[in-house]
Amino acid sequence: MTLPALEKIVSLPSLKSFLNVLLQNAPDGVLSAPGVAFANDQSSGLCRNEDGSISIVSQGKSSLQINADGSLSALVPSLGLNVTLAGKMKQLVMVTDFGVVHDPNGENVTANSIAYLNAITMTSGQARLHHPQNITAVLNPMIFKVPIHLELAGTIMLARDTNASIIELQSSNIVIDGLGTGILDGNRTGQVGGVGTALAGITANCTTTSAAMPLPPADPIAISSIRIRNLKIKSVFNWPISLGFISDCRVEGCTFHDSMSSPQFIFSVDNCWFNHNHVYDITDGGFVFYQGNRHCGATGNIIHDCHDGIGVYCDNDQMSADMFVTIQGNIVYNNRDSGIGLTTGGSNPVLLQQRVIVAGNILANNNTGGRSGGGSIGIVGAQGVLIDGNMIFGDGSNGTGTDPSYSIFVDGVSSFVTIQNNIIGDCGSASALGVGIWLASPNNCSVINNGFYCTQGASGVMKAGIGGGFGAAGIYRDNYTMGAINGYLDQVNKPVDLLMQQRQSNGSLAISNGIEVTSGDLIVDQGRIAFSNFYAATAQGANQSGAQAFNQQMVIVTVGASGAGVIPDIDIPNGAPVLIFNRTGNSIKIYPNTNGQIEGLGENNPLSLANTQCLMMFKQPSTTYTGGQWWTTLMPAGTGS
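All values reported here derive from a predicted model rather than from experimental measurement. (Residues numbered from 1 in each chain as written. Predicted model: local features only at pLDDT ≥ 70, side-chain atom pairs only at ≥ 80, totals over all residues. Heavy atoms only, no water.)

A. Here's a closer look at empty space enclosed by the protein. Under the defined criterion, the tally for this structure stands at one cavity of 30 Å³ or more. Its boundaries defined by the atoms lining it, the largest cavity holds a volume of some 40 Å³. Lining the largest cavity are twelve residues, and of these G370, R371, G399, D403 and A432 sit closest to its centre. Counted by class, the lining of the largest cavity contains two nonpolar, eight polar and two charged residues. (1 Å grid on protein atoms, 1.4 Å probe; cavity = no way out; pocket = protein on both sides within 12 Å on 5 of 7 lines; lining within 4 Å. Points joined across faces, edges and corners; volume = space filled by probe spheres on them. Nonpolar A, V, L, I, M, F, W, Y, C, P; charged D, E, K, R; others polar.)

B. Representation of a nonpolar patch on the surface within the structure. A cluster of nonpolar side chains, namely L509, I511, I515, V517, L522, V524 and I529, defines an oily patch on the protein surface of about 710 Å² accessible area. For V524, the position within the fold is in the loop between β45 (509-511) and β46 (535-538). (Patch = residues over 30% accessible without salt bridge, like charges linked within 9 Å, V, L, I, M, F, W, Y side chains within 5 Å. Areas by Shrake-Rupley, 256 points an atom, 1.4 Å probe, with all protein chains shown as cover. Salt bridge = Lys/Arg side-chain N within 4 Å of Asp/Glu carboxyl O. Helix = DSSP H or I, 4+ residues; strand = E, 2+ residues; numbered from the N terminus.)

C. Main features of the sheet that holds strand β47 (residues 548-550). Pairing is mixed in the open sheet, where four strands are placed in the order β47-β49-β51-β53. Since the sheet does not close on itself, it has two edges, and those belong to β47 and β53 (607-609), each with one partner. In this sheet, adjacent strand axes meet at a mean angle of 30° when their direction is disregarded. Sheet topology places strand β51 (residues 588-590) next to β53; three bridges connect them, and they run antiparallel. Within the sheet, the bridge partner assigned to I588 lies in β53 and is L609. (Pairing = 2+ DSSP bridges. Axes fitted to C-alpha atoms, helices over the stretch in contact; angles between N-to-C directions.)

D. Fine view of the layout of surface pockets. The space that makes up the second largest pocket amounts to roughly 780 Å³. In terms of lining, the second largest pocket is formed by 36 residues, of which the most central are S262, D284, G285, V288 and Y313. Counting residues per element, the ones that place at least two in the lining of the second largest pocket are β16 (213-215), β22 (287-290), β25 (310-314), β28 (340-344) and β31 (377-380). Looking at the lining of the second largest pocket, the element that brings in the most residues is β28, giving four residues. Broken down by class, the residue content of the lining of the second largest pocket amounts to 16 nonpolar, 15 polar and five charged.

E. Structural detail: the nonpolar core. Residues F144, L169, I202, L243 and F265 are the most contacted members of the largest nonpolar core, which totals 94 residues. At six residues, helix α3 (residues 109-123) tops the list of elements feeding residues into this core. Core analysis: the second largest hydrophobic core is formed by 19 residues, V555, V557, A564 and L615 among them. (Core = buried A, V, L, I, M, F, W, Y, C linked by side-chain atoms within 4.5 Å. Buried < 20%, exposed > 50% of the residue type's maximum accessible area, 1.4 Å probe, protein only.)

F. How the structure looks around unusual backbone geometry. With phi around 60°, D161 is a residue other than glycine that occupies positive phi space. When you line up the elements, D161 lands in the loop between β11 (155-158) and β12 (167-169). Even without being glycine, L179 reaches a positive phi, approximately 55°. With respect to the helices, strands and loops of the structure, L179 is situated in strand β13 (residues 174-185).

Structure representation (structure tokens):
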């Protein structure tokens, strides 16, 4: 048989070609045929497998595998340790001990790739594997199939035209620690991507796509206990990290930049956290919880100059819900669109983002792309959300259209959303004045104790603190402006069932459900207690059941035939004074509530009120009269002097 010249084997495909020729006519033996055994050891050597891969075998067990697609896999450890390394395995071993050499120009890709995976295989479960800071290795894609603690202080660059992820995780109990200097470089300009490919820095269960959407594997590998920390991942064609079907994962102290797609937890994720990372210059979002995240969070991160900041997201109602997610203490700024978004896509989004806390974040100068609408914090298709104690400044400052931008936006599908204790300043631009909080009529929404300000006062860029409208069963109280804004605090629609204790625009306090003083006094030092509305009633009917009812304390009866009547509403509380002015030109009748009595006139009997007279009356509870005992005083019309 004819073999390629060894000096021409410069890549993994050429090595695979070499080994295929070598094994083409290999005899059967102890190894799986076709195979070649090493001299004096019929259980060690090379063999070609049914799936087209080639395995290096030691004592009957595969140790290193060249897959049919040309990638490398480290398998279950089986190679024996040499005497020189045996003493080091208890603590720390260098990748250079296995033959990895400094190769920044990629002249030893195949040899370094084999050596690296061999190092991972041999140190799995036995020692930390250290990649020194002064070593740069250009490697083929690697699959980690065994537990490993890798200290990557140096640099790994993905070899050109490999069009795959740098590292694919297929095992639990993996630590990749960059020690503050380590780099994974995806060699973005050296890859071509394309439909069906998935190119990540580090990936788990995310190896293919449909158009731009990642696809879950048919048989995902359950992976747990993953630690990725103090590492820089850059220049990746798709995601710096894309981790699916994982649990108990921490990504901490890392830097991700200059990549196309969002770092993400995806598909099915439990107890996984993205903490204290720095993300910038990502074409897509800074970080995304993308379908099926549970008991997860993002805390203490700095994210800027991406498309969006942090997202909790599903494309459509066919995806798994995200539940119990915490987004807290992050600094999110200068992103082209939103800062933090909880979003379910589709024309009629369902409630797939559930039980999410967005608290204590700083958001500044997001929406640099001039979005109309939306929000620096946007809530679409979400339920059970707490937006608490965030500081939002300068959203939409680059807007050039006429539609306003919003610092916080809640769509009409979302429900049980509480927005409280947030400070919002300078939302909007000169041409598109902003609104601090915009509600698209969500049900069960509470807006409590939020503050708004414009640094330029009445000539600033924010036209309203709160706009849009509440849906059913809302709560609205104690929101305020800190000085003048370019408009009013309150431009929101209020349904009749809104529970409200809120200053109106820049005026008085409005209370929807009344105040009950159980003890003490109600004192007005300056100003007045007044009725803001007068009920212009029409007397009608000839008896109690036909009389015109009224529900306000001051009534002017302007129309009514002689003997026609009016009756106070049953809901007027005991002890509340009621004033009735007769200006009909006729004598009218005033009836008590059903089964009530006025001043000894007998149950249900009316009192006659002459034209121009005024009656003041109030109701006292009575055990005799279920409609109450009414007490009255008549005040005749005044006369001129």
